[in-house]
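Working through the structure, step by step
The chain contents come next:
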Amino acid sequence: MKAKSEAERAREYRERKRLREAGLLPATQPPSPLSYAKESFIDFLHARQDLLEAADWVRQQGVLNLDYLFRRLPTALERDKARDWTDQRVSDLITAIDTLAGLLNDYEVTQIDREIERLKAEDLSILATRGSAIDTIARLKAARKQLEKKFRISLPEYDIKD
């Protein structure tokens, strides 16, 4: 079978779109949301000492306690310290967000890997459920690949470097 050109694919797409709009083709249904067995996040954290220590570090930092900024600071030196203190809180918040996002990411990756292994062990041996199991595994692998990505958070610039 010959590969289709870009123009042929575009023509077929426009034709399917016209037929769908005319009601001659059924609307495509989005796939059902992925659902799989998950252990509780708390149990997951407590089973992994390194993750529990990271979560405890975030708790100990108290990065959201801003009482320092609302106290009356009597001296110029203490007012200058408030700027440095706030700068450190921003740094701590960024680290805390990165740590907590890493915890959630590790949890999701572990749960997806467990589900893939479970599906391979159970469902692929049964011919009747093999097709749906393979589709689910493919969707789980796509979700896992998505979890490998990083995204940026945009913050206003607040530190001037000379």
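Residues numbered from 1 in each chain as written. Predicted model: local features only at pLDDT ≥ 70, side-chain atom pairs only at ≥ 80, totals over all residues. Heavy atoms only, no water.

1. Looking at the overall build of the chain
Tallying secondary structure elements over the chain gives six helices and zero strands in all. Within the chain, the fraction of its 162 residues that count as buried is 17%. Relative to all contacts within the chain whose residues are 6 or more apart in sequence, the contacts with residues 24 or more apart total 65%. Only carbon and sulfur atoms are counted for the fraction: they give 56% of the accessible area of the chain, which is about 13,100 Å². (Helix = DSSP H or I, 4+ residues; strand = E, 2+ residues; numbered from the N terminus. Buried < 20%, exposed > 50% of the residue type's maximum accessible area, 1.4 Å probe, protein only. Contact = heavy atoms within 4.5 Å. Areas by Shrake-Rupley, 256 points an atom, 1.4 Å probe, with all protein chains shown as cover.)

2. Let's talk about the environment of L25
Counting through the fold element by element, L25 comes out in the loop between helix 1 (6–21) and helix 2 (41–47). L25 gets classed as partly exposed once you look at its relative accessible area, which sits at 30%. Once residues within four sequence positions are removed from consideration, L25 is found in contact with R16, L19 and R20.

3. Focus on the pattern of salt bridges
The final tally for this structure, using the stated rule, is seven salt bridges. The shortest N-O distance in the salt bridge between E15 and R18 comes to 3.0 Å. Taken as a pair, E15 and R18 lie in helix 1 at a separation of three residues, close to a single helical turn. Note on E15: relative accessible area 36%, which makes it partly exposed. (Salt bridge = Lys/Arg side-chain N within 4 Å of Asp/Glu carboxyl O.)

4. Observations regarding helix 6 (residues 130–147)
Helical periodicity: at 3.6 residues per turn, an α-helix aligns residues three or four positions apart in one direction. An ideal rise of 1.5 Å per residue puts 26 Å on 18 residues; helix 6 measures up with 26 Å between its terminal C-alpha atoms. By the burial criterion, the buried members of helix 6 are A133, I137, L140 and A143. Viewed end-on, helix 6 has its buried residues packed into an arc of 125°, placing them on one side of the element. Away from its buried face by more than 90 degrees, helix 6 exposes D135, K145 and Q146. (Expected span 1.5 Å × (residues − 1). Arc of directions from axis to C-beta.)

5. Digging into helix 1
Taking 1.5 Å of rise per residue, 16 residues should cover 22 Å, and helix 1 covers 22 Å from first to last C-alpha, within 8% of that figure. Residue G23 follows helix 1 closely and has a positive phi angle near 85°.

6. Focus on the nonpolar core
Y36, I112, I116, L119, I137, L140 and A143 together form the largest nonpolar core, which totals seven residues. Mapped by element, the contributors of at least two residues to this core are helix 5 (76–122) and helix 6. (Core = buried A, V, L, I, M, F, W, Y, C linked by side-chain atoms within 4.5 Å.)

7. With respect to a nonpolar patch on the surface
A contiguous nonpolar patch, built from I94, I97, F151, I153, L155 and Y158 and spanning about 640 Å² of accessible area, is present on the exposed surface. Mapped onto the secondary structure, I97 falls in helix 5. Residue classification places I97 among the partly exposed positions, given a relative accessible area of 45%. (Patch = residues over 30% accessible without salt bridge, like charges linked within 9 Å, V, L, I, M, F, W, Y side chains within 5 Å.)

8. Details of the side chain of D92
In this structure, D92 sits in helix 5. D92 gets classed as buried once you look at its relative accessible area, which sits at 6%. A distance of 2.8 Å separates polar atoms of two side chains, one belonging to D92 and the other to R89. (Polar contact = N/O pair within 3.5 Å; in protein donor to acceptor, adjacent residues only side chain to side chain.)

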